[in-house]
Amino acid sequence: GFCIKTRTSKNAKIFINICKSNQIPAPPDLTEQELVNILESDDPSGYRVPMSLGEPHVEVDNSGSGCTAYDIVINSTFFGKITNNEVFREFFITVAMEGLENKYEMELSREWRMLKNRKFMGSIFDQNIRTKSKPMIQEMDAKPSQFTSSKSLISEVESSPVKPDYTIVAEPPEGHPSFLVAEICLPKVSSSRSLVLDLGEDRIVLVGRPDLYHLDIFIPYNIIQEQSGAQFNKDTKVLTITMPVQPA
């Protein structure tokens, strides 16, 4: 792809290798004006760009000085869009820097430049991209919820019959949570056998067949997919997904 150079708030040199792969899902295909409208709206976070953030690796720059490089992988088609469109490129680089800041607890300067004579800094390392995880959904009888005292992180109610009501809460409610619990109301579902659940690192995709429900949302923390579990209560018609959160 290409490589950009910036610095941390402590003036350490940082290189970001922007890589591309068809294994990363593409974000919604928008026009430049549609992107501008979203960024100027009350909820600019509504447009999310799937990406894989690699671990930092120490490199040596052209002057022989030490530096740190990060590899970020995005969808190949979306890479073509940011290559040819300055608005999308500026937007993506801002989002990518925010992702690195949140994951590695640092501050990056928004003053950056793209390297002209090289497409990457150092060596490109393999990344394990977990695009889908399908936990078993267990059916259970009704019982009181043990998460009623938690602080709600996300609560959304839509009038559309195909998008279910849901709530996501954090435990503990303050600070970095140990796990998230999603409760999704599915009054038209009679059995878990009609549900297909996919968990990404920061994404929930739920389909209720035949064409009953469709939910596709991002969540505010990275979860441990292989340790997550789901239960469908046939009495309350609520699907509960318990998701351990990766450490801060």
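An account of the accompanying structure is given in this report.

Analysis parameters
- Residues numbered from 1 in each chain as written.
- Predicted model: local features only at pLDDT ≥ 70, side-chain atom pairs only at ≥ 80, totals over all residues.
- Heavy atoms only, no water.
- Helix = DSSP H or I, 4+ residues; strand = E, 2+ residues; numbered from the N terminus.
- Expected span 1.5 Å × (residues − 1).
- Buried < 20%, exposed > 50% of the residue type's maximum accessible area, 1.4 Å probe, protein only.
- Polar contact = N/O pair within 3.5 Å; in protein donor to acceptor, adjacent residues only side chain to side chain.
- Phe/Tyr/Trp six-rings, centres within 6.5 Å; stacked < 30°, edge-to-face > 60°.
- Lys NZ or Arg CZ within 6 Å of the ring centre and 35° of its normal.

### Concerning helix H3 (residues 86-104)
Okay, step 1: With 19 residues, H3 extends 27 Å from end C-alpha to end C-alpha; this agrees with the ideal 27 Å at 1.5 Å per step.
Okay, step 2: Among the residues making up H3, those that are buried are Phe-88, Arg-89, Phe-91, Phe-92, Ile-93, Ala-96, Met-97, Gly-99, Leu-100 and Glu-101.
Okay, step 3: With a side-chain oxygen lying 2.9 Å from the backbone nitrogen of Val-87, the N-terminal cap of H3 falls on Asn-85.

### Focus on the packing of aromatic side chains
Okay, step 1: Scanning all chains against the criterion turns up four aromatic pairs.
Okay, step 2: The interplanar angle of 45 degrees and the centroid separation of 5.3 Å between the aromatic rings of Tyr-70 and Tyr-104 together place this pair among those described as tilted. Of this pair, Tyr-70 sits in strand E5 (residues 66-75) while Tyr-104 sits in helix H3, and the two are 34 residues apart along the sequence.
Okay, step 3: When the ring of Phe-78 is compared with that of Phe-92, the centres are 6.1 Å apart and the planes differ by 75 degrees; the resulting orientation is edge-to-face. Taken as a pair, Phe-78 in helix H2 (residues 76-84) and Phe-92 in helix H3 lie far apart in primary sequence, 14 residues in all. Both residues of the pair, Phe-78 and Phe-92, count as buried.
Okay, step 4: Among the aromatic residues, those joined into a cluster by ring pairs are Phe-78, Phe-88 and Phe-92.
Okay, step 5: Seen from the ring of Phe-88, Lys-81 lies directly overhead, with NZ or CZ sitting 4.8 Å from the centre.

Just geometry here; none of it tells us what the structure is for.
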